[in-house]
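Chain by chain, the residues run as shown.
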Amino acid sequence: NGYRRRGIAAHLLAEIEDSKSVENYVHQYYLAPKFEDRREAIANLADQQSEKIAFDAIAKALNDKYYEIRILAIEKIDISKADAGAAIQTIEKLAKEDQKTLVQAAAVKKLALTKNEKYLPLYKQAMESKSFSVKGAALEALYDLDKDAALTELKKYSDPETKEYMKDALIPIY
């Protein structure tokens, strides 16, 4: 059974179903040298965080050498877990200090999910970033906790270029 596409006959040679265990994906993350293999491992461990080794691997990925994997780990890690304290501290550090502003923005967004007012100073500091991604994430986080402070910060950015780059963050506010 094949189908024609642009004059070339195509046939399904095999249907591969990959059913790796949590342990397999953990080992894949720790041992695979290739970016894509490690990214795949973290993506597949995301739904398995009830198992400590899966959570620990994602927490380890918060410090991965590849910024894309750090972002994925930030997005996927379950910070509502009782033992997520160390991971949350790492995310706090990434929000303040990571070399990649996209990682900082992802970390700010993750911290915003906590709705914890202790992060207000961090959000205000992030509003001073040169990165529109970081500013936008901080503005959204700030708005969720302190609408007046967010509107005050927003007044600092009246130029059209900043508003254009931050429009995703501004839409809920206006």
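Structure: above.
No experiment lies behind these values; they were computed from the predicted model shown. (Residues numbered from 1 in each chain as written. Predicted model: local features only at pLDDT ≥ 70, side-chain atom pairs only at ≥ 80, totals over all residues. Heavy atoms only, no water.)

**Q** Lay out the packing of helix H1 (residues 22-31) against helix H2 (residues 35-45) in plain terms, naming residues and giving numbers.
**A** For the pair H1 and H2, interaxial distance at closest approach is 8 Å and the crossing angle is 145°. You can see that H1 and H2 cross each other, and the crossing is left-handed. In this structure, H1 contributes Val22, Tyr25, Val26, Gln28 and Tyr29 to the contact, and H2 contributes Asp37, Arg38, Glu40, Ala41, Ile42, Asn44 and Leu45. Among the residues forming the contact of H1 with H2, the class breakdown is seven nonpolar, two polar and three charged. (Axes fitted to C-alpha atoms, helices over the stretch in contact; angles between N-to-C directions. Helix = DSSP H or I, 4+ residues; strand = E, 2+ residues; numbered from the N terminus. Left-handed = near helix turned anticlockwise from the far one by under 90°. Contact = heavy atoms within 4.5 Å. Nonpolar A, V, L, I, M, F, W, Y, C, P; charged D, E, K, R; others polar.)

**Q** Summarise helix H9 (residues 147-155); cite the residues concerned and give the values.
**A** Residues spaced three or four apart along an α-helix face the same direction, because each turn holds 3.6 residues. Within the sequence span of H9, burial applies to Ala149, Ala150, Glu153 and Leu154. Buried residues of H9 fall within an arc of 140° about the axis and therefore sit on the same side. Summarising the geometry of H9, the exposed residues directed more than 90 degrees from the buried face are Asp148 and Lys155. (Buried < 20%, exposed > 50% of the residue type's maximum accessible area, 1.4 Å probe, protein only. Arc of directions from axis to C-beta.)

**Q** Let's hear about the side chain of Asp98: which residues, and what values?
**A** When you line up the elements, Asp98 lands in the loop between helix H5 (85-97) and helix H6 (101-112). By relative accessible area, which is 10% here, Asp98 ends up buried. A polar contact of 2.9 Å, which involves the side chain of Asp98, links it to the side chain of Arg70. In this structure the side chain of Asp98 is engaged in a polar contact, spanning 2.8 Å, whose partner is the backbone nitrogen of Lys100. Beyond its immediate chain neighbours, meaning those up to four positions away, Asp98 contacts Arg70, Lys93, Val103 and Gln104. (Polar contact = N/O pair within 3.5 Å; in protein donor to acceptor, adjacent residues only side chain to side chain.)

**Q** Now, about the packing of aromatic side chains: what can you tell me, with residues and values included?
**A** The tally for this structure, following the rule as stated, stands at three aromatic pairs. Measuring from ring centre to ring centre gives 5.3 Å for Phe35 and Tyr66, while their planes differ by 75°; the resulting arrangement is edge-to-face. Here Phe35, found in helix H2, pairs with Tyr66, found in the loop between helix H3 (52-61) and helix H4 (67-76); they are 31 residues apart in sequence, far enough to count as distant. Aromatic side chains Tyr119 and Tyr123 sit 6.3 Å apart centroid to centroid with 45° between the ring planes, which places their arrangement in the tilted category. Just above the ring of Tyr67 sits the side chain of Lys100; from NZ or CZ to the centre is 4.9 Å. Taking the ring centre of Tyr143 as reference, the NZ or CZ of Lys147 above it sits at 4.8 Å. (Phe/Tyr/Trp six-rings, centres within 6.5 Å; stacked < 30°, edge-to-face > 60°. Lys NZ or Arg CZ within 6 Å of the ring centre and 35° of its normal.)

**Q** Quick rundown of the pattern of salt bridges? Include the residues and the values.
**A** Close approach of charged atoms allows side chains of opposite charge to pair. Tallying each qualifying case throughout the model produces nine salt bridges. The partner of Asp98 in a salt bridge is Arg70, with the nearest N and O atoms 2.9 Å apart. Taken together, the residues span a long stretch of sequence, with Asp98 in the loop between H5 and H6 and Arg70 in helix H4 at a distance of 28 residues. The burial state of Asp98 is the same as that of Arg70; both residues are buried. (Salt bridge = Lys/Arg side-chain N within 4 Å of Asp/Glu carboxyl O.)

Such coordinate-based values are descriptive only and should not be taken to indicate function.
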